[in-house]
Amino acid sequence: MAEESYPDDLLYHADHDWARIEGDVATFGITWYAQDQLGEVVFFEPPEAGRSVERGEPYTEVESVKAVSDVIAPLSGEIVESNQALKDGPEAINDDPYGAGWMVKVRLSDPSQRDELMDAAAYRSSLA
Amino acid sequence: MASTDTLKRSPLHDRHRAAGARLVPFAGWEMPVQYAGIREEHVAVRTGAGVFDVSHMGQIETGGPQAHDLLQRLISNDVRKIPEGGAQYGLLCREDGGILDDVFTYRLAEDHFLTVTNASNHDKDLEWFRRHAAGYDADVNDAIESWAMLAVQGPRARELVGGLTDGRLPPRMHCCQRTVAGVPMLVAGTGYTGEDGVELIVGPDDAPAVWDALTSAGATPAGLGARDTLRLEACFHLYGNDMDEGRDPIEAGLGWACREETGFIGAEAVRAAREAGPAEKLVPFALTGEGIPRPGNPVAGGGVVTSGTLSPCLGIGIGMAYLPAQRARPGETFEIDVRGRTRPAEVREKPLYPPKGKEAA
């Protein structure tokens, strides 16, 4: 399992989701804290491209041995790609939550929503 | 929700912290759900030896000349068949057959019994024992504070505990007094994992030293998460999931633990249920495709999942479900609604692991 970290180049949603914004597309995933709370992730079904996601609403789910949890979209938009490698290797969500454990890429419908997300320092202090 | 500071703590709380446990509220106790990870701990128990802190389990001691008469009335199984130094699984039922709890009873001496209860039911059970003890020459004592309880389970468990003890360990379904790691205790050949092993019932002050000796000797600390996946692979019921006061022993598949001729409380209702046959029956199942079933998932055409997880040993979704009795046969296929997705499943024989005919040599 990865060491606890919250990279400075990401933005964070209070439901323990991160977004990496590059132009009008953002990559989403769950934070180190979220995967640690879940424990070993054993099942992830990548959502279909073309589906729209709503900020603050669940867009997929992630399952550990113990439980199933919703994954919340930190921003609104349309899924352009999802991480198919997680279908066979969901443990990447534990091992590398900000890298190989990414979940979807989303074309943002309202890029100004980024202002409502937290930076790494604010997210870190929200966990304390 | 109980806040953390009102939760009871095991005498091994500091040991759990030191071992990196994630502690969660469970039936009024703060208990370790996992240490290194559920799957790793699960595999350790299937292949070596794991140690579980189950100090949240309750104990009721019953003694006196009519102790066994009282227990015969309270417990569904034939208590007279427990030899001294023996153990037996049984149920506490209401008059209407509804299951109050499932319990293990150990006969420590001719007229001295120890009944192990589920943490969530302990107070209710104790009240039930006391209410029915009137008229019997028997004492009922709450012993939950007197005992810590450790379960050492796995193919290497007996060898590991044997190396720390002064005598022979009790066979399966038996118990005896032994000194383990220098501490006198009750050792029982019982468990809840489907593996061989022992349970150690020990004074709370001595529990940390015993824990240290077991882990130093190579037992892997295992939490309630692995305990649940292990018991589900073995098809052991979990009270509150797989049965409760709204289910009778026949539909729960526990008719084998009921001896109606003993006249236990609920015997008439259980006899009637057995004769009539249940409308629904609890069965073990496995998904035939992907997905993980969870308690509460509805079954198409009637029925409900009561326990479900991803089997660490089989790598597929498994569980237990109530199905209409005519469909509750091994090999029958059915569909489960898992959060809006239809997942095909098949009724299996118990245990789910090891699968029938493929037991390890």
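To be clear, the structure that these remarks concern was listed above.
The text that follows walks through the structure, step by step, so that each part is easy to find. (Residues numbered from 1 in each chain as written. Chains lettered and ligands numbered in written order. Predicted model: local features only at pLDDT ≥ 70, side-chain atom pairs only at ≥ 80, totals over all residues.)

## Remarks on the overall build of chain A
As a reminder, the rule being used: Numbering of helices and strands runs from the N terminus, with a helix taken as a DSSP run of H or I at least four residues long and a strand as a DSSP run of E at least two residues long. Only the C-alpha atoms count toward the radius of gyration. The rule for a globule is 2.2 Å times the residue count to the power 0.38. Any residue whose C-beta has 12 or fewer other C-beta atoms within 10 Å is treated as exposed, any with 20 or more as buried, and any in between as partly exposed, C-beta atoms being built from the backbone. Residues are defined as contacting one another if the C-beta atoms placed from their backbone atoms lie within 7 Å.
Along its length, chain A carries four helices and nine strands. Each helix and strand of chain A, ordered N terminal to C terminal, gives the series β-β-β-α-β-β-β-β-β-α-α-β-α. On C-alpha atoms alone, chain A measures out to a radius of gyration of 13 Å, which is about the 14 Å that the 2.2 N^0.38 rule sets for 128 residues. When the backbone C-alpha atoms are referred to their principal axes, chain A occupies close to 35 × 35 × 20 Å. Here chain A holds 128 residues, and the buried ones make up 43% of them. Long-range pairs, those at least 24 residues apart, make up 66% of the contacts in chain A between residues at least 6 apart in sequence.

## Description of the sheet that holds strand S8 (residues 77-82) of chain A
Residues and elements named next belong to chain A. Defined as follows: Two strands pair under a simple rule: DSSP has to find at least two bridges between them.
The six strands lie next to each other as S1-S2-S3-S9-S8-S5, forming an open sheet whose pairing is antiparallel. Of all strands in the sheet, those with a lone pairing partner are strand S1 (11-13) and strand S5 (52-53), marking the two edges. Alignment of S5 against S8, held across two bridges, turns out to be antiparallel. Residue pairing for S8: Val53 is matched across the bridge by Gly77.

## Remarks on the environment of Leu127(A)
With respect to the helices and strands, the residue Leu127(A) is situated in helix H4 (residues 120-127). Separated by 111 residues in the primary sequence, Leu127(A) and His16(A) have C-alpha atoms spaced 9.5 Å apart.

## With respect to the nonpolar core
The condition that has to hold: What we call a nonpolar core is a set of buried Ala, Val, Leu, Ile, Met, Phe, Trp, Tyr and Cys residues whose membership is set by joining through C-beta atoms within 7 Å.
Core analysis: the biggest nonpolar cluster contains 129 residues, and Leu150(B), Val152(B), Leu200(B), Val202(B) and Val210(B) have the highest contact counts within it. Beyond its immediate sequence surroundings of up to four residues, Val210(B) is in contact with Leu150(B), Val180(B), Ala181(B), Val183(B), Leu200(B) and Val202(B).

## Digging into helix H2 (residues 38-47) of chain B
Residue pairs spaced three or four apart in an α-helix point in one direction, given the helix's 3.6 residues per turn. In terms of burial, H2(B) is a largely internal element, seven of the ten residues being buried. Buried residues of H2(B): Ile38(B), Arg39(B), Glu41(B), His42(B), Ala44(B), Val45(B) and Arg46(B), and no others.

## Examining the interface of chain B and chain A
To keep things clear, this is the line we draw: Residues are sorted three ways: Asp, Glu, Lys and Arg are charged, Ala, Val, Leu, Ile, Met, Phe, Trp, Tyr, Cys and Pro are nonpolar, and all the rest, Gly among them, are polar.
Facing the twelve residues of chain B at the interface are nine residues of chain A. Of all the secondary structure elements, the ones that give two or more residues to the side of chain B that touches chain A are H2, helix H7 (224-233) and strand S16 (304-310) of chain B. Here the side of chain B that touches chain A is composed, by residue class, of four nonpolar, five polar and three charged.

## Considering the pairing of strand S19 (residues 341-347) of chain B
Residue and element names in this part refer to chain B. Relative to S19, strand S15 (residues 280-287) is paired through three bridges, and the arrangement is antiparallel. Looking at S19, one finds that Phe285 is bridged to Val347. Across six bridges, the pairing between strand S18 (residues 333-338) and S19 is antiparallel. Paired with Val338 across the strands is Arg341, a residue of S19. Taken together, S18 and the strand that follows it, S19, pair antiparallel across an intervening segment of two residues, in which Arg339 is found at a positive phi of about 45°.

## A word on the sheet that holds strand S4 (residues 41-44) of chain A
All names here are of chain A. Short version of the rule: Whenever a helix is involved, its axis is fitted only over the stretch in contact; in every case the axis is a line through C-alpha atoms, and angles between N-to-C directions fall within 0 to 180 degrees.
An order of S4-S6-S7 is seen for the three strands of this open sheet, with the pairing classed as antiparallel. This sheet does not close on itself; its edge strands, each paired only once, are S4 and strand S7 (68-72). Each strand of the sheet is rotated relative to its neighbour by a mean of 35°, with strand direction disregarded. Two strands pair when backbone bridges link them, and strand S6 (residues 58-64) and S7 are joined in this way by five bridges, in the antiparallel orientation. For Val62, the partnering residue across the bridge sits in S7 and is Ser69.

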